Amino acid sequence: MDSQTMELLLTEYTTQLTAHIPHDTLEVLHSGLQWLPEWGGKAGFTAGPIFISYIALLHSTHVCQALFNRMHPDVSMLHTWVAMLVLSFGGTTMASILLARPPGWLVSNDALAVYTAVYLLFRFTPVLRVVNLFGVLAKVVLAAADGVARALAISAFAVDTIRFRSSGSLQTSIVACLLCGTLSGCGGGLINGIFGVTKRTWTLGTPVVSIDVQLAFLTAALYTALTFSSAVSLDTAKGVCCALDIAVLVLQVLVDEVNTWIACKPKKSKKTGAVPTLAVSPASPAVAAGKSSATPSPVPARKRNGKKY
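Residues numbered from 1 in each chain as written. Predicted model: local features only at pLDDT ≥ 70, side-chain atom pairs only at ≥ 80, totals over all residues. Heavy atoms only, no water.

Asker: I tried to follow the side chain of Ser53 on my own but got confused; where do I start?
Answerer: By the secondary structure assignment, Ser53 is in strand E2 (residues 50-53). Side-chain polar atoms of Ser53 contact the backbone nitrogen of Ile55, separated by 3.3 Å. With sequence-adjacent residues up to four places away left out, Ser53 is seen in contact with Gly40, Ala43 and Gly44. (Helix = DSSP H or I, 4+ residues; strand = E, 2+ residues; numbered from the N terminus. Polar contact = N/O pair within 3.5 Å; in protein donor to acceptor, adjacent residues only side chain to side chain. Contact = heavy atoms within 4.5 Å.)

Asker: Sorry, what's going on with the packing of helix H8 (residues 136-164) against helix H11 (residues 234-264) here?
Answerer: Packed helix pairs are characterised by how far apart their axes lie and by the angle those axes make with each other. At their nearest, the axes of H8 and H11 sit 8 Å apart, and the two run at 145 degrees to each other. In this structure, H8 meets H11 at a crossing whose hand is right-handed. By residue class, the composition of the contact of H8 with H11 is 17 nonpolar, two polar and seven charged. (Axes fitted to C-alpha atoms, helices over the stretch in contact; angles between N-to-C directions. Left-handed = near helix turned anticlockwise from the far one by under 90°. Nonpolar A, V, L, I, M, F, W, Y, C, P; charged D, E, K, R; others polar.)

Asker: Before we go on, may I ask you to explain H8 in this structure?
Answerer: Residues spaced three or four apart along an α-helix point in a common direction, a consequence of the helix completing one turn every 3.6 residues. A rise of 1.5 Å per residue sets the reference length of H8, with its 29 residues, at 42 Å; its end C-alpha atoms lie 40 Å apart and thus fit the reference within 8%. The largest bend in H8 is about 30 degrees, located at Leu152. The element H8 is extensively covered by neighbouring structure, given that 21 of its 29 residues are classed as buried. (Expected span 1.5 Å × (residues − 1). Bend = angle between axes of the 7 residues up to and from the residue. Buried < 20%, exposed > 50% of the residue type's maximum accessible area, 1.4 Å probe, protein only.)

Asker: How should I be thinking about the confidence of the model for the protein chain in this particular structure?
Answerer: Predicted coordinates in areas of low pLDDT are best not read in detail. Within the protein chain, residue pLDDT values average 82, and 75% of them lie at 70 or more. Within the model, the stretch residues 284-295 combines pLDDT values under 50 with two contacts to residues more than four positions away or in other chains. (pLDDT = per-residue confidence, 0-100.)

Asker: Explain unusual backbone geometry to me, please; I cannot follow it from the model alone.
Answerer: Glycine aside, a negative phi is what most residues show, and trans is what most peptide bonds show. Positive phi, normally seen in glycine, also occurs at Ala100, with a value near 55 degrees. Looking at the secondary structure, you find Ala100 in the loop between helix H4 (77-98) and helix H5 (104-107). Note on Ala100: relative accessible area 70%, which makes it exposed.

Asker: Hey, could you run me through the pairing of E2 in this one?
Answerer: Residues in a regular strand project their side chains so that they alternate between the two faces of the sheet. Where strand E1 (residues 44-47) and E2 come together, four bridges link them in antiparallel fashion. Pairing of Ala47 across the sheet is with Ile50, part of E2. The loop that links E1 with its antiparallel partner E2 comprises two residues; one of these, Gly48, has a positive phi angle of about 70 degrees. (Pairing = 2+ DSSP bridges.)

Asker: What's the story with the environment of Ala237 in this structure? I'm lost.
Answerer: Tracing the chain through its elements places Ala237 in helix H11. Here the alpha-carbon distance between Ala237 and Pro37, two residues 200 residues apart in the chain, equals 9.3 Å. Not counting chain neighbours up to four residues away, the residues in contact with Ala237 comprise Tyr223, Leu226 and Val232.

Asker: Sorry if this is basic, but what is going on with the packing of aromatic side chains here?
Answerer: Between two aromatic rings, the relevant description is the distance of the centres plus the angle of the planes. One pass over the full model with this rule turns up five aromatic pairs. Ring geometry for Phe68 versus Tyr119: centroids 5.7 Å apart, planes at 35 degrees, classification tilted. Within this pair, whereas Phe68 is found in helix H3 (residues 54-70), its partner Tyr119 is found in helix H6 (residues 110-124), the two being separated by 51 residues in sequence. In this structure Phe68 comes out as buried when scored by relative accessible area, which is 18%. Taken together, the ring pairs connect Phe68, Tyr119 and Phe122 into an aromatic cluster. When the ring centre of Phe228 is taken as reference, the NZ or CZ atom of Arg163 above it lies at 4.1 Å. (Phe/Tyr/Trp six-rings, centres within 6.5 Å; stacked < 30°, edge-to-face > 60°. Lys NZ or Arg CZ within 6 Å of the ring centre and 35° of its normal.)

Asker: Explain the side chain of Arg163 to me, please; I cannot follow it from the model alone.
Answerer: In this fold, Arg163 is placed in helix H8. Nearest to the buried, unbridged Arg163 among oppositely charged side chains is Asp160, at 7.2 Å. The contacts of Arg163, once residues within four sequence positions are left out, are Gln171, Cys177, Thr227 and Phe228. (Lys, Arg positive; Asp, Glu negative; His and termini not counted. Salt bridge = Lys/Arg side-chain N within 4 Å of Asp/Glu carboxyl O.)

Asker: Explain the packing of H3 against H8 here, please?
Answerer: Two elements in contact, H3 and H8, have axes whose closest approach is 8 Å; the angle formed by their N-to-C orientations is 115 degrees. Once H3 is placed against H8, the crossing between them reads as left-handed. Together, Ile55, Leu58, His59, Thr61, His62 and Gln65 of H3 and Leu142, Ala143, Ala145, Asp146, Val148 and Ala149 of H8 make up the contact between the two elements. Residues that form the contact of H3 with H8 fall into these classes: seven nonpolar, four polar and one charged.

Asker: Please clarify how the pattern of salt bridges should be interpreted in this entry.
Answerer: Two side chains with opposite charge may pair up if their charged atoms get near one another. Under the defined criterion, the tally for this structure stands at five salt bridges. A salt bridge links Lys139 to Glu257, with the shortest nitrogen-to-oxygen separation between them at 2.7 Å. Within this pair, whereas Lys139 is found in helix H8, its partner Glu257 is found in helix H11, the two being separated by 118 residues in sequence. Linking Asp160 and Lys238 is a salt bridge whose minimum nitrogen-to-oxygen distance equals 2.8 Å. Of this pair, Asp160 sits in helix H8 while Lys238 sits in helix H11; the two residues are 78 residues apart in sequence, bridging distant segments of the chain. Note on Asp160: relative accessible area 7%, which makes it buried.

Here it is as structure tokens:
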């Protein structure tokens, strides 16, 4: 299927879909989808020379919470710091290498400073306990931020770099968009699966095609298809990817919590008409071996009409 056929199919499908949605609802949805990636990329505050993005702050918190909840407490500081960097920037770094471009965390001073500061807070302060106290609420908020970060890494970084900041045949390479987009969304997890950077001892292993890999590929394919068509604007396409990743990751958190609750719920025994059996104490070693005791135990006398016999 060439790009023109894909564009015609997507335009026709989008036209038919919008025809069944009320105009007011469509405007609100369109505005929300455009606002989401813009807020994710620009919202934040400045602390001295460093710009702290809200999404970077929440995403680093999400990575450190998962990391410190699973890693052994005796692992060295350098080990956990490298593991945090791999999980946070491993995917975009691999995509940058394939595209012969410097990674974003290497070009800017902000990203590495923010992620390292959050890591140090989790390492030397009780921030992990505070975050864990919020339970499901914290997991849902951090999963939503993780969805925005993944979607923007796939769309605004990987696919946009190929489609609009490259030259030659690379601009129209669907393979490059899918490969670099997927790596940008889940590359850190793939590296961890191969080298085991979050384990106490690094060991080679086989990466698993988890739901994170599938979601990254689906997001990359969706955004790539939207960039080849003129059905929606790029901001709206980024918003669609953000909404998709947020929905899937939040749903995954909720499903995991329900499964954990079901597994921890005590099972009630069914009432039956069977007579309960009395517990029999185990015999002494002497009796078990068939040997009689040296001093027999006295037999209590029974009474009848007040007399012993």
